[in-house]
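# Structure assessment
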Amino acid sequence: MINTKASTVPSVSAWERLNSNRNWLGAWFMVPAAAFLILFLAYPLGLGVWLSFTDSRIGRSGAWIGLENYAWLWDDSVFWLAVFNTMLYTVVASAIKFGVGLYLALLLNKHMPFKAIIRAVVLIPFIVPTVLSAIAFWWIFDTQFSILTWMLQGVGAIAPDYQINWLGDANMARASVIFANIWRGVPFIAITLLAGLQTVPGSLYEAAVIDGATRWQMFRHITYPLLTPIIAVVMTFSVLFTFTDFQLIWVLTRGGPFNATHLMATLSYQRAILGGQLGEGAAIATAMIPFLLGAILFSWFGLQRRKWQQGEADE
């Protein structure tokens, strides 16, 4: 009788099997980022929504009052003025930033001397801290020492003794803060679209030229379709940054004159921090969420156009 010695197979614990699984390892690597997002994004968001249903004040924990803050905001004329200002500020500034940024991107994509230096100069408004930009514009729009007023007086557009109240008049103040936001936001859109333009194959334009296509036809049928996913992402970020703008408005006007430039972000800060009404301020901030979700959905549906670029049919 031949005795055979059975080979012993080393047992593998469940922990070792999990550590050797690539999906499990990927989840481990995502833990730090997830913890960061939960701590600094999800928790403050949840806390803000909770506070919007309470009558909390600075230094005092509030009681649950349900939708009372939202009902009060519904009848608040200043809140609706802030909503109007926010929508006007976002739509006008984002549309102009996209138009100017796209034009600059197309211009910088051409062969020109000192192109690298020009690109660096275009980025300056974006890399300058927002507060410093706001202070600079605060001097530019100053009623007595405005360089814009001085230039208009110099060319004879206005009388030599006439002073334009840039930040004291409601409509002029709205136009001034929109102009400042456009100045800061155009470089981001221009450089991002320029990066997208440089990924478009030159052979497509060569074929279009052979077929006798005009510049407009090449832009409409080649440049714009291939830039659609990038435009969706860029405009989403532009809308988010503009909609939630705070520093520029607060330094320039603090929401004045007579709440003419108050955005939802600045009004929320004024009511919650300066006024001490945390519940009311949180309700204003929570009311911004549907608009932000709409911008994110716009980006999502825009990204679906990538399937067209990959030769797949759009669903």
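Everything below is about the structure printed above this text.
Attention in this report is confined to the structure presented alongside it.

The rules behind the values
Counting restarts for each chain: residues are numbered from 1 in the order of the written sequence. In keeping with the predicted nature of the model, local features appear solely for residues at pLDDT of at least 70, side-chain atom pairs appear and are counted solely at 80 or more, and the whole-chain, interface and lining totals rest on all residues. In computing side-chain properties, one takes all heavy atoms of the structure into account and sets aside hydrogens as well as water. Helix numbers and strand numbers start at the N terminus; a helix is a DSSP run of H or I with at least 4 residues, a strand a run of E with at least 2. The classification of residues rests on relative accessible area computed with a 1.4 Å probe and restricted to protein chains. Under 20% of the type maximum is buried, over 50% is exposed, and intermediate values are partly exposed. Should any heavy atoms of two residues lie within 4.5 Å, those residues are counted as being in contact. Values of accessible area rely on a 1.4 Å probe in the Shrake-Rupley scheme; residue burial ignores everything except the protein chains shown. Buried Ala, Val, Leu, Ile, Met, Phe, Trp, Tyr and Cys residues form a nonpolar core when they are joined through side-chain atoms within 4.5 Å. Any N or O atom pair separated by 3.5 Å or less is treated as a polar contact, with the protein-specific requirement of one donor-capable and one acceptor-capable atom, and with residues adjacent in sequence counted only for side-chain atom pairs. Any carboxyl oxygen of Asp or Glu within 4 Å of a side-chain nitrogen of Lys or Arg constitutes a salt bridge here. The way it works is a 1 Å grid over only the protein atoms, where trapped points that fit a 1.4 Å probe form a cavity and open points with protein on both sides within 12 Å along at least five of seven lines form a pocket, and then any residue with an atom within 4 Å of a point lines it. Grid points are joined across faces, edges and corners, and a volume is the space filled by probe spheres set on the points. Here the nonpolar group is Ala, Val, Leu, Ile, Met, Phe, Trp, Tyr, Cys and Pro; Asp, Glu, Lys and Arg are the charged ones; every other residue, Gly included, is treated as polar. Stacked, edge-to-face and tilted labels apply to pairs of Phe, Tyr and Trp rings (six-membered ring for Trp) whose centres lie within 6.5 Å, assigned for plane angles under 30 degrees, over 60, and everything in between, in that order.

Looking now at the overall build of the protein. Broken down by element type, the protein carries 15 helices and 0 strands. Per-residue burial for the protein yields a buried fraction of 34% across its 315 residues. The contacts of the protein with a sequence gap of at least 6 include a subset with a gap of at least 24, amounting to 65%. If you sum the accessible surface of the protein, you get close to 19,600 Å²; carbon and sulfur atoms cover 69% of it.

Another aspect to go through is the nonpolar core. Counting residues in each nonpolar core, the largest one holds 18 residues, and the members touching the most others are Tyr89, Leu248 and Leu252. Secondary-structure elements contributing two or more residues to this core are helix H4 (77-108), helix H6 (130-140), helix H8 (170-197) and helix H11 (247-252). Take this core: its biggest share by element is 5 residues, from H8. With 13 residues, the next largest nonpolar core counts Leu108, Leu197, Val234 and Met235 among its residues.

Before going further, it helps to spend a moment on the side chain of threonine 54. On the secondary structure map, threonine 54 appears in the loop between helix H2 (22-51) and helix H3 (68-74). At 2.8 Å, the side chain of threonine 54 forms a polar contact with the backbone oxygen of leucine 51.

Once that is clear, we can look at the environment of arginine 174. Tracing the backbone shows arginine 174 in helix H8. Here the alpha-carbon distance between arginine 174 and isoleucine 249, two residues 75 residues apart in the chain, equals 9.8 Å.

Attention now goes to the pattern of salt bridges. Across all of its chains, the model carries 2 salt bridges by this definition. With a shortest N-O distance of 3.0 Å, arginine 271 and aspartate 76 are connected by a salt bridge. Placement of the pair is arginine 271 in helix H12 (residues 264-274) and aspartate 76 in the loop between H3 and H4, with a sequence separation of 195 residues. The shortest N-O distance in the salt bridge between glutamate 280 and arginine 271 comes to 2.4 Å. We classify glutamate 280 as buried; its relative accessible area is 12%. According to the relative accessible area criterion, arginine 271 is buried, its value standing at 14%.

In the segment running from glycine 256 into proline 257, the intervening peptide bond is cis, with an omega of -5°. For proline 257, the location among the structural elements is in the loop between H11 and H12. Positive phi outside glycine occurs at arginine 254, with the angle close to 55°. Along the chain, arginine 254 turns up in the loop between H11 and H12. A positive phi angle is found at phenylalanine 258, which is not glycine, with a value near 55°. Within the secondary structure layout, phenylalanine 258 lies in the loop between H11 and H12. On the basis of relative accessible area, phenylalanine 258 is assigned to the exposed category, the value being 80%.

All right, on to empty space enclosed by the protein then. Summary: where empty space remains is shown by rolling a probe the size of a single water molecule over the atoms. Under the criterion given, the structure shown has 1 cavity of 30 Å³ or more. For the largest cavity, the calculated volume is near 60 Å³. Every residue lining the largest cavity is listed: Asn85, Leu88, Tyr89, Arg174, Val177, Ile178, Ile249, Ala260, Thr261 and Leu263. Contributing elements (two or more residues each) for the lining of the largest cavity: H4 and H8. Looking at the lining of the largest cavity residue by residue, the class counts come to 7 nonpolar, 2 polar and 1 charged.

What follows concerns the environment of isoleucine 222. Looking at the element boundaries, isoleucine 222 is found in helix H10 (residues 215-243). Spatially, the C-alpha atom of isoleucine 222 lies 9.7 Å from that of proline 201, the residues being 21 residues apart in sequence. Discounting residues that sit within four places of it in the chain, isoleucine 222 has contacts with Val200, Leu204, Tyr205, Ala208 and Gln217.

With that settled, consider the packing of aromatic side chains. Here the structure, examined in full by the defined rule, presents 20 aromatic pairs. For the ring pair phenylalanine 219 and tyrosine 224, a centre distance of 6.5 Å and an interplane angle of 45° mean the geometry is tilted. On the basis of an interplanar angle of 80° and a centroid distance of 5.1 Å, the ring pair of tryptophan 250 and tyrosine 269 is categorised as edge-to-face. You can see tryptophan 250 sitting in helix H11 and its partner tyrosine 269 sitting in helix H12, a full 19 residues away along the chain.

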